[in-house]
Amino acid sequence: KAGVTQTPRYLIKTRGQQVTLSCSPISGHRSVSWYQQTPGQGLQFLFEYFSETQRNKGNFPGRFSGRQFSNSRSEMNVSTLELGDSALYLCASSSGLAGYTYEQYFGPGTRLTVT
Amino acid sequence: GNSVTQMEGPVTLSEEAFLTINCTYTATGYPSLFWYVQYPGEGLQLLLKATKADDKGSNKGFEATYRKETTSFHLEKGSVQVSDSAVYFCALSDLGNRDDKIIFGKGTRLHILP
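Below, the structure is looked at part by part. (Residues numbered from 1 in each chain as written. Chains lettered and ligands numbered in written order. Predicted model: local features only at pLDDT ≥ 70, side-chain atom pairs only at ≥ 80, totals over all residues. Heavy atoms only, no water.)

Now for the interface of chain A and chain B. Listed as interface residues are 21 residues of chain A and, on the opposing side, 19 residues of chain B. Around 1,700 Å² of area is buried between chain A and chain B when both sides are counted, 54% of it from carbon and sulfur atoms. Taken together, chain A and chain B are joined by 0 salt bridges. Taken together, the connections running from chain A to chain B amount to 2 residue pairs in polar contact (both at pLDDT 80 or more). Looking at the side of chain A that touches chain B, the elements that each hand over two or more residues are β4 (31–38), β5 (42–50), β6 (53–57) and β9 (87–94) of chain A. In terms of residue count, β5(A) provides more of the side of chain A that touches chain B than any other element does, 3 residues in total. (Contact = heavy atoms within 4.5 Å. Buried area = accessible area lost by both parts, 1.4 Å probe. Salt bridge = Lys/Arg side-chain N within 4 Å of Asp/Glu carboxyl O. Polar contact = N/O pair within 3.5 Å; in protein donor to acceptor, adjacent residues only side chain to side chain. Helix = DSSP H or I, 4+ residues; strand = E, 2+ residues; numbered from the N terminus.)

Here it is as structure tokens:
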């Protein structure tokens with residue numbers, strides 16, 4: 001079974017631009033969660049989608065948004081990029097809601113650098 | 001709110017040494033506890049989990065016991081290898097809390113010297 005894939009793997013943007021990251025979950029998984037990983041803050045939860053509905057959201061500004069399509073693929077968008085948005089963005093999929101002990105499978109991440 | 005605290009790294013050990021990475025948690029409900037591992041250039045992988053008090057999770061020689069009395073889930077391995085060098089994350093999900101997300105600790109980087 002193919003794992004979680006994320007595209008692109010690396011991205012360089014300038015301040016003020018916007019960016020869209022993509023995540024394809026494991027086949028059959030309906031939950032997709034997004035995390036931001038930085039050396040200073042560690043792993044921070046962005047949001048979770050389940051069957052095209054946002055189930056949960058972390059403490060990030062409205063510039064961070066996401067969506068999930070009927071095939072469970074998910075995208076996250078960051079508008080008006082700031083230097084502090086430079087991070088590794090990780091996507092994880094699970095067969096059920098992540099908060100109910102379903103194992104999460106992580107993708108390799110998208111490394112975003114904002115200059 | 002719920003939280004996870006794990007020891008700060010980096011932790012540097014020689015091959016075949018005994019490993020302990022401490023993790024304590026705060027939760028309002030009945031959490032499940034996890035250890036994830038992140039190898040260089042990769043995403044996180046579930047290493048082991050425990051879903052109720054006194055459960056012991058184990059995998060690849062690693063073990064962790066869910067201790068409700070001390071709210072701890074320390075990761076241990078009897079004899080580490082160079083290939084264990086990675087970042088380890090302790091995490092919890094709280095079934096008794098409507099806040100469904102998984103909460104991760106900040107991670108502990110482990111270096112094993114040959």
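Residues and elements named next belong to chain A. The full count for this structure, using the stated rule, is 2 disulfides over all chains. A sulfur-sulfur separation of 1.7 Å characterises the disulfide bridge that pairs Cys 23 with Cys 91. Sign of the S-S torsion, about -50° for the bond between Cys 23 and Cys 91, identifies this disulfide as left-handed. You can see Cys 23 sitting in strand β3 (residues 19–24) and its partner Cys 91 sitting in strand β9, a full 68 residues away along the chain. Residue class for Cys 23 comes out buried when judged on its relative accessible area of 0%. Overall, the relative accessible area of 0% leaves Cys 91 in the buried class. (Disulfide = S-S within 2.5 Å. Buried < 20%, exposed > 50% of the residue type's maximum accessible area, 1.4 Å probe, protein only.)

Here the focus is the sheet that holds strand β1 (residues 5–7) of chain A. Sheet strands line up and pair through hydrogen bonds in the backbone, either parallel or antiparallel. All names here are of chain A. Spatially, 4 strands are ordered β1-β3-β8-β7 in an open sheet, and the strand pairing comes out antiparallel. The sheet is open, and its two borders are formed by β1 and β7 (64–68), each paired with just one other strand. When the angles between neighbouring strand axes are averaged without regard to direction, this sheet yields 20°. Sheet topology places β1 next to β3; 3 bridges connect them, and they run antiparallel. (Pairing = 2+ DSSP bridges. Axes fitted to C-alpha atoms, helices over the stretch in contact; angles between N-to-C directions.)

Residue and element names in this part refer to chain B. Within the secondary structure, Thr 12 sits in strand β2 (residues 11–14). According to the relative accessible area criterion, Thr 12 is partly exposed, its value standing at 44%. Spatially, the C-alpha atom of Thr 12 lies 9.1 Å from that of Ser 85, the residues being 73 residues apart in sequence. What Thr 12 contacts, discounting residues up to four positions off in sequence, is His 111 and Leu 113.

With that settled, consider the packing of aromatic side chains. Counted according to the given criterion, the structure contains 12 aromatic pairs over all chains. Look at Tyr35(A) and Phe45(A): their rings are 5.8 Å apart centre to centre, the planes differ by 70°, and that puts the pair in the edge-to-face class. Linking Tyr35(A) in strand β4 with Phe45(A) in strand β5, this pair joins segments that are 10 residues apart in sequence. As far as burial versus exposure is concerned, Tyr35(A) and Phe45(A) are alike and both buried. Where Phe60(A) meets Phe64(A), the ring centres are 5.2 Å apart and the plane angle is 65°; that geometry is what we call edge-to-face. Both residues of the pair, Phe60(A) and Phe64(A), count as buried. Connected via pairs of aromatic rings, a cluster forms that spans Tyr35(A), Phe45(A), Phe106(A), Phe34(B), Tyr36(B), Phe89(B) and Phe104(B). (Phe/Tyr/Trp six-rings, centres within 6.5 Å; stacked < 30°, edge-to-face > 60°.)

Residue and element names in this part refer to chain B. An order of β3-β9-β8-β7 is seen for the 4 strands of this open sheet, with the pairing classed as antiparallel. The sheet terminates laterally at β3 (19–21) and β7 (56–59), the two strands that pair on one side only. Shown here is a sheet whose adjacent strand axes are inclined to one another by a mean of 20°, direction ignored. Here 3 bridges tie strand β8 (residues 62–65) to strand β9 (residues 75–77), and the two strands are oriented antiparallel to one another. Each residue of the ladder has a partner; that of Ala 64, found in β9, is Leu 75.

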